[in-house]
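Listed below are the residues making up each chain.
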Amino acid sequence: MRLHVVDHPLVAHKLTVLRDETTDSPTFRLLVDELVTLLAYEATREIATEPHEVRTPITTMTGTRLASPPPLVVPILRAGLGMLDGMSRLLPTAEVGFLGLVRDEETFKAVTYANRLPDDLTGRHVFLIDPMLATGGTLVAAIDYVLERGAREVTAVCLLAAPEGIQLLEEHVGDRANLTVVVAAVDERLNEKAYIVPGLGDAGDRLYGIV
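Residues numbered from 1 in each chain as written. Predicted model: local features only at pLDDT ≥ 70, side-chain atom pairs only at ≥ 80, totals over all residues. Heavy atoms only, no water.

> Explanation requested: the overall build of the protein chain in the structure shown.
For the protein chain, the helix and strand inventory stands at 6 helices and 13 strands. Here the C-alpha atoms of the protein chain give a radius of gyration of 17 Å, agreeing with the 17 Å that 2.2 N^0.38 yields for 211 residues. Along the longest, intermediate and shortest principal axes, the C-alpha atoms of the protein chain span 60 × 35 × 30 Å. Looking at the protein chain as a whole, 47% of its 211 residues qualify as buried. At a minimum sequence separation of 6, the contacts of the protein chain that also span at least 24 residues come to 73%. Each charge sign in the protein chain was given a centre, from 19 positive and 30 negative side chains, and these centres are 4 Å apart. (Helix = DSSP H or I, 4+ residues; strand = E, 2+ residues; numbered from the N terminus. Rg over C-alpha atoms; globule rule 2.2 N^0.38 Å. Buried < 20%, exposed > 50% of the residue type's maximum accessible area, 1.4 Å probe, protein only. Contact = heavy atoms within 4.5 Å. Lys, Arg positive; Asp, Glu negative; His and termini not counted. Charge placed at Lys NZ, Arg CZ, Asp CG, Glu CD.)

> Explain the packing of helix 1 (residues 9–19) against helix 2 (residues 25–43) here, please?
Describing two packed helices takes the angle between their axes plus the distance from one axis to the other. Across the interface, helix 1 lies against helix 2 with an axial gap of 10 Å and an inter-helix angle of 155 degrees. On the basis of the axis angle, helix 1 is roughly antiparallel to helix 2. Seen along the crossing, helix 1 lies across helix 2 with a hand that is left-handed. When helix 1 is examined against helix 2, the residues Leu 10, Val 11, Lys 14, Leu 15, Val 17 and Leu 18 are found in contact with a partner set consisting of Phe 28, Leu 31, Val 32, Glu 34, Leu 35 and Leu 38. Looking at the contact of helix 1 with helix 2 residue by residue, the class counts come to 10 nonpolar, no polar and 2 charged. (Axes fitted to C-alpha atoms, helices over the stretch in contact; angles between N-to-C directions. Parallel < 35°, antiparallel > 145°, perpendicular 65-115°, else oblique. Left-handed = near helix turned anticlockwise from the far one by under 90°. Nonpolar A, V, L, I, M, F, W, Y, C, P; charged D, E, K, R; others polar.)

> Would you mind showing me how to read the pattern of salt bridges here?
Any two side chains of opposite charge can pair, so long as their charged atoms come close to each other. By the definition in use, this model includes 9 salt bridges. In this structure, Glu 34 and Lys 14 form a salt bridge, with 2.7 Å as the shortest nitrogen-oxygen distance. Here the residue Glu 34 occupies a position in helix 2, and Lys 14 occupies one in helix 1, the gap between them amounting to 20 residues. The class for Glu 34 is partly exposed, based on a relative accessible area of 29%. Between Glu 42 and Arg 45 there is a salt bridge; the shortest N-O distance is 3.2 Å. A single network of salt bridges, built from pairs that share partners, joins Arg 2, Arg 152 and Glu 153. (Salt bridge = Lys/Arg side-chain N within 4 Å of Asp/Glu carboxyl O.)

> I'm lost on the packing of helix 4 (residues 137–148) against helix 5 (residues 163–173) in this one. Help?
Look at helix 4 against helix 5: their axes get within 9 Å of each other, and the N-to-C directions meet at 30 degrees. Here helix 4 is positioned roughly parallel relative to helix 5, judged by the angle of their axes. Classified by chirality, the crossing of helix 5 by helix 4 is right-handed. Contact residues: Gly 137, Leu 139, Val 140, Ile 143 and Asp 144 in helix 4; Leu 168, Leu 169, His 172 and Val 173 in helix 5. Of the residues belonging to the contact of helix 4 with helix 5, the class tally is 6 nonpolar, 2 polar and 1 charged.

> Help me understand a nonpolar patch on the surface, please; the structure alone is not making it clear to me.
Taken together, the side chains of Met 1, Leu 3, Val 5 and Val 186 make up a nonpolar region of the molecular surface, amounting to roughly 270 Å² of accessible area. Tracing the sequence through the fold places Val 186 in strand 11 (residues 178–186). On the accessibility criterion, Val 186 (32% relative accessible area) is partly exposed. (Patch = residues over 30% accessible without salt bridge, like charges linked within 9 Å, V, L, I, M, F, W, Y side chains within 5 Å. Areas by Shrake-Rupley, 256 points an atom, 1.4 Å probe, with all protein chains shown as cover.)

> Can you walk me through helix 1 in this structure?
Structural remark: α-helix, 3.6 residues per turn; residues separated by three or four positions point the same way. Here helix 1 has its buried residues at Val 11, Lys 14, Leu 15 and Leu 18. One side of helix 1 carries all its buried residues, which in axial view fall inside an arc of 100 degrees. Exposed positions of helix 1 whose direction lies more than 90 degrees from the buried face are Pro 9 and Thr 16. Tucked inside the fold, the buried residues of helix 1 contact helix 2, strand 10 (153–161), strand 11 and helix 6 (203–208). (Arc of directions from axis to C-beta.)

> For this particular structure, what's the right way to read the nonpolar core?
Generally speaking, soluble globular proteins have nonpolar side chains that are buried together. Leu 18 and Met 87 are the most contacted members of the largest nonpolar core, which has 36 residues in total. Excluding its chain neighbours within four sequence positions, the residues that come into contact with Met 87 are Val 36, Ala 40, Val 73, Phe 127, Ile 129 and Val 157. Residues Val 74, Leu 101, Leu 128 and Val 154 belong to the second largest nonpolar core, which totals 29 residues. (Core = buried A, V, L, I, M, F, W, Y, C linked by side-chain atoms within 4.5 Å.)

Printed below as a string of structure tokens:
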């Protein structure tokens, strides 16, 4: 597993505003969208490409295009939806699947309630997007889903990660997959309620309100 913490002044600035409890939901959504675009730039650095010949106004040349099959972007519902536009802006040709996972607040384990993914992901590069890598249980379940369907490479894009979640991913995934985790920051720890400290609160509630 490769962990990439994006070290950039704009990332640090936008993340700080997201952490501020006085930041309202419309501003929070806008900043998540902008921040994810910055993270997506780093997350797609190793994306597969192939040569492609085009004709310019002057001559012909061999350029580059994304390889086939197209990548698949999978937001983990519901909070991952707030990251989808930021990813799609850089990967407009990617297909989109959806995976609904919710954390049981007593056991802290992920429970699946929705799955809209292709049955066959053979050879696909899958980008899993979820704001928070806390205990790691949700992301582990999502990784298992796509690996069982034949994904060849998995990149997880998160705003924040806790050391406990990173450790679980390392232990669970091991050599089973080519996994990259891209985050804006790794925070201190989890508290007794499995929230990231200092964190930014419940990302879903701050994106969409409490329902």
